[in-house]
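Examination of the molecular architecture
One letter stands for each residue in the lines below.
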Amino acid sequence: MGVTARLYYTDSYLKQFDAGVVSVSEDGLRAVLDRTAFYPASGGQLHDLGTLDGIRVIEVVEGEDGSIVHVLETPLAGGRVTGEIDWERRFDFMQQHSGQHLLSAVFEAMYGFKTVSVHMGETSSTVELETAAVTRDHLRAVEESANRAVFENRPITVGFEDAAEAAGLRKAAERTGDLRIVSIDGCDRSACGGTHVRATGEIGPVVLRRLDKIRANVRVEFLCGRRAMRRARLDYEALDAAARVFNAQLDDVPALAASVAGQVKEAGKERRKLGLELAGLRGRQLWESQAVSPTGRRVYIDERASGALDDEVRALALSFTAQPGAAYIATSLDPPAALLAVSEDTGLHAGNLMKPLLSELGGRGGGNNRTAQGSLPAKDALAALIAKLGL
Ligand SMILES: [Zn+2]
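Each residue is numbered by its place in its chain's sequence as written, counting from 1. Local features in a predicted model are, by the rule used here, given only for residues with pLDDT of at least 70; side-chain atom pairs are given and counted only at 80 or more, and totals for whole chains, interfaces and linings are based on all residues.

1. Points about the overall build of the protein chain
Using the following cut-off: Strands here are runs of E lasting at least two residues and helices are runs of H or I lasting at least four, both read from the DSSP assignment and numbered beginning at the N terminus. Exposure in this text rests on C-beta crowding, where 20 or more other C-beta atoms within 10 Å of a residue's own make it buried, 12 or fewer make it exposed, and counts in between make it partly exposed. The C-beta atoms are placed from the backbone. C-beta atoms are first placed from the backbone for all residues, and any pair lying within 7 Å is then listed as a contact.
When helices and strands are counted, the protein chain shows 7 helices and 20 strands. A principal-axis box enclosing the C-alpha atoms of the protein chain has dimensions of 100 × 55 × 40 Å. Buried positions account for 32% of the 391 residues belonging to the protein chain. Across the protein chain, every contact between residues at least 6 apart in sequence was considered, and the portion connecting residues at least 24 apart equals 56%.

2. Description of the pairing of strand β14 (residues 206–214)
The line we're drawing: In this description, strands pair whenever DSSP reports at least two bridges between them.
Note: β14 against strand β15 (residues 217–224), 7 bridges, orientation antiparallel. Bridge pairing in β15 places L208 opposite F222. Where β14 folds back on β15, the antiparallel hairpin that results is connected by 2 residues, among which R215 adopts a positive phi of roughly 50°.

3. Some points on the domain arrangement of the protein chain
When the parts of a complex come together, some accessible area is lost, and that lost area is often used as the size of the interface. The line we're drawing: For every domain, the bounds stem from an assignment made automatically or drawn from a database.
One can read the domain layout of the protein chain as domain 1 (5–85), domain 2 (91–243) and domain 3 (279–389). Between the C-alpha centres of domain 1 and domain 3 the distance comes to 74 Å.

4. Focus: the nonpolar core
Side chains of a nonpolar character, in soluble globular proteins, are inclined to be buried together. The following threshold applies: In this description, a nonpolar core means buried residues of the types Ala, Val, Leu, Ile, Met, Phe, Trp, Tyr and Cys, linked to one another by C-beta atoms lying within 7 Å.
Within the largest apolar cluster, 33 residues are counted, with the highest numbers of intra-cluster contacts made by L102, L103, A146, V206 and F222. Among the elements of the structure, α1 (87–111), β9 (114–120), β10 (125–130), α2 (136–151), β12 (178–184), β14 and β15 are those that each provide at least two residues to this core. Among the elements that make up this core, the one with the highest residue count is α1 (7 residues). Counting 29 residues, the second-largest nonpolar core is a separate cluster that includes L316, A326, A330 and M354.

5. Here's the deal with the sheet that holds strand β7 (residues 68–72)
Selection rule: Each axis is a line fitted through C-alpha atoms, taken for helices only over the stretch in contact, and angles between the N-to-C directions span 0 to 180 degrees.
Sheet architecture is closed into a barrel: 6 strands sit in the order β2-β3-β7-β6-β5-β8, paired in antiparallel fashion. On average, each strand axis in the sheet is tilted by 45° relative to the strand beside it, whichever way the strands run. Bridge analysis of strand β5 (residues 50–52) against strand β8 (residues 80–85) gives 3 bridges, and the strand direction is antiparallel. Following the sheet pairing, L52 is matched in β8 by G83.

6. What to know about the packing of α1 against α2
The following threshold applies: Each angle gets one of four labels, with under 35 degrees taken as roughly parallel, over 145 as roughly antiparallel, 65 to 115 as roughly perpendicular, and the rest as oblique. Note: crossing handedness is left-handed where the near helix turns anticlockwise from the far helix by less than a right angle, and right-handed where it turns clockwise.
Relative orientation of the contacting elements α1 and α2 amounts to 125°, with a least axis distance of 9 Å. Overall, the two elements α1 and α2 adopt an arrangement that is oblique. Between α1 and α2 lies a crossing whose hand is right-handed. Each of L102, L103, V106, F107, M110 and Y111 in α1 lies in contact with α2, whose residues at this interface are H138, A141, V142, S145, A146 and A149.

7. Here's the deal with the sheet that holds strand β13 (residues 188–191)
Read from one edge to the other, the open sheet built from 3 strands follows the order β11-β12-β13, with strand pairing classed as antiparallel. Looking along the sheet, the strands with just one partner apiece sit at the ends: β11 (156–162) and β13. Sheet twist, expressed as the average angle between the axes of neighbouring strands with direction ignored, equals 30°. Here 7 bridges tie β11 to β12, and the two strands are oriented antiparallel to one another. Bridged to G159 within β12 is I181.

8. Topic: α2
What counts is decided by this rule: Multiply 1.5 Å by the residue count of a helix minus one, and that product is the helix's expected span. The directions from the helix axis to the C-beta atoms form the arc being described.
An ideal rise of 1.5 Å per residue puts 22 Å on 16 residues; α2 measures up with 22 Å between its terminal C-alpha atoms. Along α2, the residues classified as buried are H138, V142, A146, A149 and V150. One face of α2 carries all of its buried residues, which in axial projection span an arc of 105°. Away from the buried face of α2 by more than 90 degrees, exposed residues R136, D137, R140, E144, R148 and F151 are located. Along its buried surface, α2 packs onto α1 and β14. Once α2 ends, the next one or two residues include N153, with phi positive near 50°.

9. Structural notes on unusual backbone geometry
Backbone torsion omega between D334 and P335 reads -5°, so that peptide bond is classified as cis. The residue P335 is located in the loop between β17 (326–334) and β18 (337–342) in this model. Unlike most non-glycine residues, N153 shows phi in positive territory, near 50°. Here N153 shows up in the loop between α2 and β11. Here N153 falls in the partly exposed class, since 14 other C-beta atoms lie within 10 Å of it. The backbone phi angle of R215 is positive, close to 50°, even though this residue is not glycine. Mapping R215 onto the fold places it in the loop between β14 and β15.

10. As for the environment of Y328
Structurally, the position occupied by Y328 is in strand β17. Its 29 C-beta neighbours within 10 Å are what place Y328 among the buried residues. Put simply, Y328 and A350 are 22 residues apart on the chain and 10 Å apart in space, counted from C-alpha to C-alpha. With sequence-adjacent residues up to four places away left out, Y328 is seen in contact with Y300, D302, A317, F320, T321 and A341.

Right under this line is the structure:
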């Protein structure tokens with residue numbers, strides 16, 4: 001197929017171009033041109049999108065022979081074509097990529113943290129730094145310094161140098177021969193095939209966000225340019241919505257949220273305590289209003305549609321059976337479960353009654369003399385269990 005001339009190497013601002021079709025796959029969906037402004041996915045930067053003669057380019061990949069393959073949505077014939085790249089997407093990646101070079105240079109200059117890998121995604125980007133820890137103070141200082149370099153609007157230039165002679169590169173070149181070198185004036189020199197803005201001012205605001213431990217390193221999330229601006233808007237809107245809930249100033253939201261979360265936790269504890277107390281009282285009331293059955297016991301059957309047979313149900317059952325001659329059966333349909341509590345003076349043993357019946361009905365569980373609990377495979381088994389208990 002042959003080497004494709006990469007127009008973006010020398011002009012990353014080229015949005016439209018003419019080219020000759022060198023080859024097209026049999027289905028017409030993969031085209032190689034003699035020259036292209038389309039950037040293929042490589043070096044941590046995503047590929048361009050756009051059109052060739054109005055046909056959408058959905059992917060751009062680098063062939064092994066140095067060709068650039070344009071993957072198309074519908075077949076392309078051949079001859080000469082006009083290509084157009086999706087400029088909004090490309091410029092966004094240029095902002096991220098130049099921003100990444102700047103950030104990597106600043107992290108290394110200020111703290112000696114070397115960049116070992118980069119990723120520039122559709123919505124956010126990261127640099128992986130060779131260090132065990134990055135603090136908030138590091139982030140603040142690097143963000144400050146990187147944005148200062150943006151305000152200084154330093155020129156970013158692209159040149160070609162021989163690998164053997166290229167000096168002062170941030171990372172030693174692995175390749176020999178001609179190197180494409182991207183320089184940020186007075187700040188960074190890196191071998192890179194990516195697309196870059198022409199001065200740091202075009203990177204726009206640089207914002208550092210999440211930190212993630214990855215292997216022995218730390219990954220730092222960053223946003224540049226339009227992404228940083230859009231993120232700032234979303235952050236503001238989220239914080240503003242929270243502030244409205246609290247009827248407070250934005251800066252007071254974190255302290256208020258922490259305080260409310262603490263109150264909710266305390267209230268939850270208090271509610272559970274009151275729930276248990278109430279269950280205790282209700283258990284006694286239930287016992288008093290329950291008629292004595294032909295077996296001479298007061299038996300209460302508490303049938304619930306759903307939910308776990310939790311501490312509150314247990315408290316109710318134990319309080320009911322704290323009274324003499326009583327048995328309390330609680331069931332839940334979803335998931336099918338049963339609980340049995342008996343008064344001490346009944347002479348019954350809840351565990352010994354329940355365990356064999358549960359396993360007979362395909363379930364499992366057990367307990368002690370006062371209470372027993374278990375699960376059953378199906379809700380039909382609950383009625384069978386109650387009948388077999390025969391209380
Ligand atoms: Zn690069």
